[in-house]
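# Structural features, examined
Take a look at the letters that make up each chain.
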Amino acid sequence: MSSVHVDHGQWSSRLAFILAATGSAVGLGNIWKFPYIMGENGGGAFVLVYLLCILGIGIPVMMAEVLIGRRGRQSPGNSVKALAIEAGANINWSIVGWLGVIAGFLILSFYSVIAGWAVSYIFEAGSGAFVDASPAEIESIFNNLLQDPIKLIIWTTFVLVLTGIIVGKGLKMGLEKAVSIAMPAMLVLLLIIAGYAAFNGDFTRTIDFMFTPDFSKLTYSGVLIALGHAFFTLSLASGAMMIYGAYLPQKTSIAQSVVAIAIADTLIALIAGLAIYPIVFGNGLEASQGPGLVFVSLPIAFGQMWGGTVFGTLFFIMLGFAAFTSAIAMVESAVAWLVEKMEYSRAKAAAFAVITLWLFSMLTVFSFTGAEWAKLDFNFVGKHVTNYFDLIDHLTADVLLPLGGLATAIFVAWIMKKEAVFEEMNMSAKLFSVWFITLKWFTPIAVLFVFLNLIGIVKIGQ
Ligand code: TRP
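Residues numbered from 1 in each chain as written. Predicted model: local features only at pLDDT ≥ 70, side-chain atom pairs only at ≥ 80, totals over all residues. Heavy atoms only, no water.

Lining the immediate surroundings of the ligand are 16 residues, of which Ala-25, Gly-29, Tyr-111, Phe-232 and Ser-238 lie closest. Asn-30 places a polar side-chain atom, nitrogen or oxygen, 3.3 Å from an oxygen atom of the ligand. A distance of 2.9 Å separates a nitrogen atom of the ligand from a polar side-chain atom of Ser-238. If the ligand stood free it would expose 360 Å²; the protein chains cover 100% of that surface. Among the elements of the structure, α1 (14–25), α2 (28–40), α5 (95–126), α10 (220–233) and α14 (308–341) are those that each provide at least two residues to the shell around the ligand. (Near = heavy atom within 4 Å. Polar contact = N/O pair within 3.5 Å; in protein donor to acceptor, adjacent residues only side chain to side chain. Areas by Shrake-Rupley, 256 points an atom, 1.4 Å probe, with all protein chains shown as cover. Helix = DSSP H or I, 4+ residues; strand = E, 2+ residues; numbered from the N terminus.)

Non-glycine residue Arg-73 carries a positive phi angle of around 60°. Mapped onto the elements of the fold, Arg-73 is located in the loop between α3 (44–72) and α4 (76–86).

The next thing to look at is the packing of helix α7 (residues 149–169) against α14. For the pair α7 and α14, the least separation of the axes is 9 Å and the interaxial angle reads 60°. Our classification of the angle between α7 and α14 gives oblique. Between α7 and α14 the crossing geometry is right-handed. Together, Phe-158, Val-159, Leu-162, Thr-163, Ile-166 and Val-167 of α7 and Phe-324, Ala-327, Ile-328, Val-331, Glu-332 and Val-335 of α14 make up the contact between the two elements. Of the residues contributing to the contact of α7 with α14, the split by class is 10 nonpolar, one polar and one charged. (Axes fitted to C-alpha atoms, helices over the stretch in contact; angles between N-to-C directions. Parallel < 35°, antiparallel > 145°, perpendicular 65-115°, else oblique. Left-handed = near helix turned anticlockwise from the far one by under 90°. Contact = heavy atoms within 4.5 Å. Nonpolar A, V, L, I, M, F, W, Y, C, P; charged D, E, K, R; others polar.)

Before going further, it helps to examine the packing of aromatic side chains. As enumerated under the stated definition, the model contains 33 aromatic pairs in all. When the centroid spacing of 5.4 Å and the interplanar angle of 80° are considered together, the rings of Trp-117 and Phe-295 count as edge-to-face. One end of the pair, Trp-117, is in helix α5; the other, Phe-295, is in helix α13 (residues 293–304), and 178 residues separate them in sequence. Judged by relative accessible area, Phe-295 falls into the buried class, the value being 0%. A centroid spacing of 5.4 Å and a plane angle of 20° characterise the contact between Phe-432 and Phe-436, whose relative ring orientation is stacked. Of this pair, Phe-432 and Phe-436 both sit in helix α18 (residues 429–454), four residues apart, which is roughly one turn of that helix. Of the two residues, Phe-432 and Phe-436, neither departs from the other in class, the shared state being buried. Above the face of the Phe-232 ring, Lys-33 is positioned so that its terminal group lies 4.5 Å from the ring centre. Its guanidinium or amino end placed over the ring of Trp-414, Lys-440 lies 4.5 Å from that ring's centre, counting from NZ or CZ. (Phe/Tyr/Trp six-rings, centres within 6.5 Å; stacked < 30°, edge-to-face > 60°. Buried < 20%, exposed > 50% of the residue type's maximum accessible area, 1.4 Å probe, protein only. Lys NZ or Arg CZ within 6 Å of the ring centre and 35° of its normal.)

Function cannot be inferred from these measures alone, as they are strictly geometric.
See below:
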């Protein structure tokens, strides 16, 4: 397993890292996934558990990942391996890094399809298709897209090819600029939509739904979904934070950067909920309708609000941007690895990754079109899966990411030398202790507890 040491370069500044990492964290997870899984899992109590997971598990693990990347300075697997050697531990710990690369890859196989929906909606919105359309008409626009494999394939291909080109060219620095414009623009648009929704939809019910926890509505699998989503939304256990950490200048404070990224990510998700739910409740839509939620609810608002065609088009452009900056981060670690291991050029590595991904993405495309061969019917780690999308979504977010996060926490807090960790973190001894103890005890116990419950070893609740 020899591989050459490749110098992948560094971010130009701390802000550049924060922007790129925020670009990776903020994406479809915040605007597409968070609102619909919150709806499927009963609202407030789910939101509370999710917030606790971000604070007690997500942030500590993210600090650990960035640390691994920066100290190792290579692709995730090789970074962990280098640190295992430094600690005198078994080099098979590098699996912690590989798991991430695999998870990132699997996630992108469905992420690219949903990103394709967002891109196709730029044109739907721009053509005025939503203007004065009834909720039923807007639902049928979405259903028509799902039943059109050609359209889905074209948009998915577009997303993957563009991602491949950007990653192949190594446009890390272009990324910084794109994120610094797209993220604030996204925030402003979400606030405008939330403002509109507050006046024209059912805002009181939304506040009650999102912020009044009703624990009778939360199941154990809901707790696992909240935990898994905390990892998903922060791009954890999927290679990204390790590889972006690998490009981080030595002096930057890891803790401060990570907290800033987590706050931005959480805010965007909550505001997305505040923009979507008043419209859902005001128009009699189902909160638990699943992956189509944002693609049905917001177009209703765009169809009715003043300037809706412009706002709608801009919104889907920004959503597309947010998805691209995440997709780029997802392939980056696989590409960095191909460059180290196979000595491919970036362009060749990116092409290779994207073509493989395209094949996998077809499983998702045909899951949504309802093709017979993409249907599945079995129980897998606490969930009944009905198609490949279901399976890969569940396998990554609810299984691989929490397990990867667990392994990362154990590696940094139990395997690495504490002095090495302290040296790399470069923070006050007090804060370091708080973080280190959380990572050493709370994080692993909480993740294990949720898991063991789910597979029925400990049984508490439903
Ligand atoms: N955080 C991204 C989002 O919320 C999704 C994601 C998960 C991701 N793992 C990743 C993005 C790895 C980049 C890299 O949309």
